[in-house]
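Spelled out, the chains give:
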Amino acid sequence: MESDRLESPIAIKGIERELICPACKELFTHPLILPCQHNICHKCVKEILFAFEDSFADGGSESSNQSSPRIRIAASSMDRIDRINRAGRKRNSLTPRSTLFPCPSCQRDIDLGERGINGLFRNFTLETIVERYRQAARAAIAIMCDFCKPPAQESTKSCMDCSASYCNPCFKIHHPWGTAKAQHEYVGPTTNFRPKILMCPEHEMERVNMYCEICRRPVCHLCKLGGGHANHRVTTMSTAYKTLKEKLSKDIEYLISKESQVKAHITQLDLLMKETECNSERAKQEASQSFEKLYCVLEEKKSAALRAIETSKNIRMEKLQTQVEEYQGLLENNGLVGYAQEVLKETDPSCFVQTAKQLHVRIQKATESLRSFTPAAATTFEDFVVDTAKQEDILGDLSFHSNGLEIPEINEEQSRMYNKALISWECSGKTDSADIYVLEYHKLNKEEESVTWQKTEVCGKSKVLSDLDDDSSYAFRVRGYKGSICSPWSQEVIMRTPPAPVFSFLFDDKCGYNNEHLELNPRRTSVESRAGFPLLLGSERLQVGCFTTLDYIIGDTGIAKGKHFWAFNVEAYSYLVKVGVVPSSKIQKLFHNTSDVISPRYEQDSGHDSGSEDTFFDSSQPCTLVTLGMKKFFIPTTPAAPKDPASRILPLPSCLGVCLDCDRGRVGFYDAGRMKCLYECEVDCSGLMYPAFALMGSAAVHLEEPVTAKDREYHDDI
């Protein structure tokens, strides 16, 4: 039995690469099998989960990434922190709270579920191979007996049932003949003890006896009966063992038969490596020459700028020095003043007048310059400031451009601005796509002279941004990178954020909700008007001049103060929809008002066409609403509205928004796609304000879904 367990060192020679953990880069220790079928150390997966918890708690700071000296989390993995499942057990020193992390091998998101690490299988086969490798690598360093009194003797065998190592005397003592322990399975000295029966992680008292072909993992009969594998295709363990072993054996035989082809490929790869080395050196030289040219241009510009500054300095110094000498001449017994003092000593009037006239003019000029002192030259060099902002931007974009890497284009239809910004882009797909994308954005501000782009790296083709200001316009651009090669920037796209923070609510299915005419979806985010049999029966009572009423529904949350924004979609087939706000004090009146649809001016028995009746109609409404329908947006009739009816009818936007400012008492209706205000009016905000909707005929309204990280996953899959 012992000889069956021992393997020749030659059998495991050269397989160290397969025995290295992708996280810690060391030999596996208690390896676990992830759902993606890759392996990882038990200790490493705990450290990764703890590291992600610390990163999430610290807001993703760089310092938080160093929670484990063995684990290095990539920036692309840190981008997934906002998707970590925060629900679960309380954190302690042994159990991580997080259950979602990227696989170190394939970067696929791994969700461990409720059981966390305890739900993973331990890879005993890999653990045994690692133990054989360790013994071969250290030339079978002696394993000491676990039961000898000091000094311990070298063990000669290990008991797999007792999970302990023994020397010969101790083994005979603890495994006497004629007892049950004498039947224990023993092997050569080892530190790798594996159970005889593999138990199910989900049901700890059940042994695995089936293999799930969908999840590619062993399961027990309880998993198949009522667990997560109830509807999965399973097979018996013996059948799976036989099938997989035959496949693996055939594949290994095929690879061995192609040994000459493999060696030829290795030789070819060696040549390619040498060629790559030569080409890289050539590319380095060309890059160095390009940068040397830039250095020369910069040195020339630098020298010219310094010469210009030096020349200007010398001219100014000369002017100032001349002015200094002139003022020194105004000192007593010096220069002009000293000369004038000597002239005053002249006693001959004729000679004095002849000299003093010109001297007096000079003295007057000196006196005037003394009263209004002005330096002969400026001391500042503001005209000599070198503006390198544009050049810095150009140099910042300096990289290896490639015609083979296509330019990504931002898809404005798939991009959204709501509670967060979802920016999505796409490529034509004709050439190799990029490994990573860089998304840059900046806020449009006319007052700022220079533009500072904010940058973020993205692994997929969409990004959710949550740090944008309300009521602001932003410019976005994206480029792709494949190694050190990058594509040119995409065309800049300008998008505007909502005018106020997004207000979240659902349709209220209790207050005034008419379930005979209206139908809500289970999540209460969509409402549809059912123009069915009940409405047909009601129309039997209608006569000329009578009109059916609207069916109202409100939001389940009110607004007391502040400025808020919400958006929704109206189906194109909708006949009549009204949207707006209603105060809490008028909700009852709203649901009991039966004459709020048509003005008397349109009734056949009205007898006249009076605009004053419209004014009465508008003032009598219990809430502030605008009318939508038949793919049109109707601006309400007000004194400030255009008199031409055609100018008050606008195309219905694909997405509409309402902005309520309780502090100013204003409500605005927006084209939410462009964040453009279509109509704004005053509103009484003395009480709680609720979003209000009214439908008649065939119509449907869908509340805009908030932008979440799942939107990014969805667009990346597309």
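Residues numbered from 1 in each chain as written. Predicted model: local features only at pLDDT ≥ 70, side-chain atom pairs only at ≥ 80, totals over all residues. Heavy atoms only, no water.

**Student:** Hey, could you run me through the sheet that holds strand β6 (residues 157–159) in this one?
**Tutor:** Sheet strands associate in pairs through backbone hydrogen bonding, adopting either a parallel or an antiparallel arrangement. In space, the 3 strands of this open sheet follow the order β7-β6-β8, with antiparallel pairing throughout. Lying at the two open borders of the sheet, with one neighbouring strand each, are β7 (164–166) and β8 (186–187). By the bridge criterion, 2 bridges tie β6 to β8 in an arrangement that is antiparallel. Pairing of S158 across the sheet is with V187, part of β8. (Pairing = 2+ DSSP bridges. Helix = DSSP H or I, 4+ residues; strand = E, 2+ residues; numbered from the N terminus.)

**Student:** Where do I start with the pattern of salt bridges in this structure?
**Tutor:** Opposite charge on two side chains makes pairing possible when the charged atoms of those side chains draw close. All told, the structure shown has 19 salt bridges when counted by the stated rule. The residue E682 makes a salt bridge to R666 at a minimum N-O spacing of 3.8 Å. With E682 in strand β32 (residues 676–682) and R666 in strand β31 (residues 666–671), the pair connects residues that are 16 residues apart, well separated along the chain. The class of E682 is exposed, set by a relative accessible area of 63%. Connected through shared salt-bridge partners, E440, K455 and R477 make up one network. (Salt bridge = Lys/Arg side-chain N within 4 Å of Asp/Glu carboxyl O. Buried < 20%, exposed > 50% of the residue type's maximum accessible area, 1.4 Å probe, protein only.)

**Student:** Would you explain the packing of aromatic side chains in this entry?
**Tutor:** What characterises a pair of aromatic rings is the spacing of the ring centres plus the angle enclosed by the ring planes. By the definition in use, this model includes 14 aromatic pairs. Ring geometry for F147 and Y166: centres 4.7 Å apart, planes at 5 degrees, overall stacked. On the criterion of sequence distance, the pair formed by F147 in the loop between α4 (124–137) and β6 and Y166 in strand β7 is long-range, its members being 19 residues apart. A relative accessible area of 36% means that F147 is categorised as partly exposed. Given a relative accessible area of 2%, Y166 falls into the buried group. Ring-pair connections join several aromatic residues into one group, and the members of that group are F147, Y166 and F171. Between R316 and the ring centre of F381, over which it is positioned, the NZ or CZ distance is 4.2 Å. The ring centre of W489 lies 4.2 Å from the NZ or CZ of R477, which sits over that ring. (Phe/Tyr/Trp six-rings, centres within 6.5 Å; stacked < 30°, edge-to-face > 60°. Lys NZ or Arg CZ within 6 Å of the ring centre and 35° of its normal.)

**Student:** Even after reading the chapter, I still don't get the side chain of D661, so can you show me in this structure?
**Tutor:** One can find D661 in strand β30 (residues 656–661). Among the polar contacts listed, one links the side chain of D661 to the backbone nitrogen of R664, at a separation of 3.3 Å. Setting aside residues up to four positions removed in sequence, D661 forms contacts with G562, K563, R666 and C685. (Polar contact = N/O pair within 3.5 Å; in protein donor to acceptor, adjacent residues only side chain to side chain. Contact = heavy atoms within 4.5 Å.)

**Student:** Is there a simple way to think about the confidence of the model for the protein in this case?
**Tutor:** Do not read the predicted coordinates in detail wherever pLDDT is low. Here the protein shows a mean pLDDT of 78. Residues at 70 or above account for 78%. Across residues 1–12 the pLDDT falls below 50, and counting only partners more than four positions away or on other chains, this stretch makes 14 contacts in the model. Taken together, the stretch residues 59–93 has pLDDT below 50 and engages in 72 contacts with residues farther than four places along the chain or on a different chain. (pLDDT = per-residue confidence, 0-100.)

**Student:** Would you mind showing me how to read the environment of K461 here?
**Tutor:** Structurally, the position occupied by K461 is in the loop between β17 (454–458) and β18 (462–465). Between the C-alpha atom of K461 and that of E426, which follows or precedes it by 35 residues, the distance is 6.5 Å.

**Student:** Where do I start with helix α10 (residues 349–371) in this structure?
**Tutor:** At 3.6 residues per turn, the α-helix brings residues three or four places apart onto the same side. For α10, with 23 residues, the first-to-last C-alpha span of 31 Å sits near the 33 Å given by 1.5 Å per residue. Remark: the principal bend of α10, roughly 35 degrees, maps to A356. Taken together, the buried positions of α10 are A356, L359 and A366. For α10, the elements touching its buried residues are α9 (335–343). (Expected span 1.5 Å × (residues − 1). Bend = angle between axes of the 7 residues up to and from the residue.)

**Student:** Help me out: how do you make sense of the environment of V577 in this one?
**Tutor:** Structurally, the position occupied by V577 is in strand β26 (residues 576–583). On the basis of relative accessible area, V577 is assigned to the buried category, the value being 0%. Between the C-alpha atoms of V577 and F693, which are 116 residues apart in sequence, the distance is 7.2 Å. If we skip the residues at most four places from it in the chain, V577 touches V570, V626, T627, L628, A694, L695, A699 and V701.

**Student:** Please clarify how the sheet that holds strand β33 (residues 689–696) should be interpreted in this entry.
**Tutor:** Spatially, β24-β33-β26-β27-β28-β29 is the arrangement adopted by the 6 strands of the open sheet, whose pairing is antiparallel. Taken across any chain shown, the strands that pair with only one partner, and hence form the sheet edges, are β24 (551–554) and β29 (649–651). Each strand axis lies, on average, 25 degrees off the axis of its neighbour in the sheet, ignoring direction. As paired elements, strand β28 (residues 632–634) and β29 share 3 bridges and run antiparallel to each other. The partner of K632 across the bridge, within β29, is P651. (Axes fitted to C-alpha atoms, helices over the stretch in contact; angles between N-to-C directions.)

**Student:** How do you make sense of the nonpolar core when you look at a structure like this?
**Tutor:** When a protein is soluble and globular, its nonpolar side chains tend to lie buried together. Ranked by internal contacts, the top residues of the largest apolar core, which has 48 residues, are W566, F568, L660 and F693. With 5 residues, the top contributor of residues to this core is strand β25 (residues 563–570). With residues up to four places along the chain from it excluded, the contact list for L660 reads I559, G562, K563, H564, W566, V581, R666, V667, V683, C685 and M689. (Core = buried A, V, L, I, M, F, W, Y, C linked by side-chain atoms within 4.5 Å.)

**Student:** Can you help me understand unusual backbone geometry in this one?
**Tutor:** A negative phi angle is the norm for most residues apart from glycine, just as the trans form is the norm for most peptide bonds. Look at the link from P150 to P151: it is a cis peptide, with omega at -5 degrees. In this structure, P151 sits in the loop between α4 and β6. Phi is positive for R524, which is not a glycine, with a value near 60 degrees. Of note, R524 is situated in the loop between β22 (518–520) and β23 (526–529). Positive phi is not limited to glycine here, since M630 has a value of about 55 degrees.

**Student:** Please clarify how the pairing of strand β27 (residues 624–629) should be interpreted in this entry.
**Tutor:** Within β27, 5 of the 6 residues are buried, which leaves the element mostly enclosed by the surrounding structure. The hairpin formed by β27 and β28 contains 2 residues between the paired strands, and M630 there has a positive phi angle of roughly 55 degrees.

**Student:** Which parts of the structure should I look at to understand α9?
**Tutor:** Those residues of α9 not exposed but buried are L336, G338, A340 and V343. Where α9 is buried, its residues touch α10.

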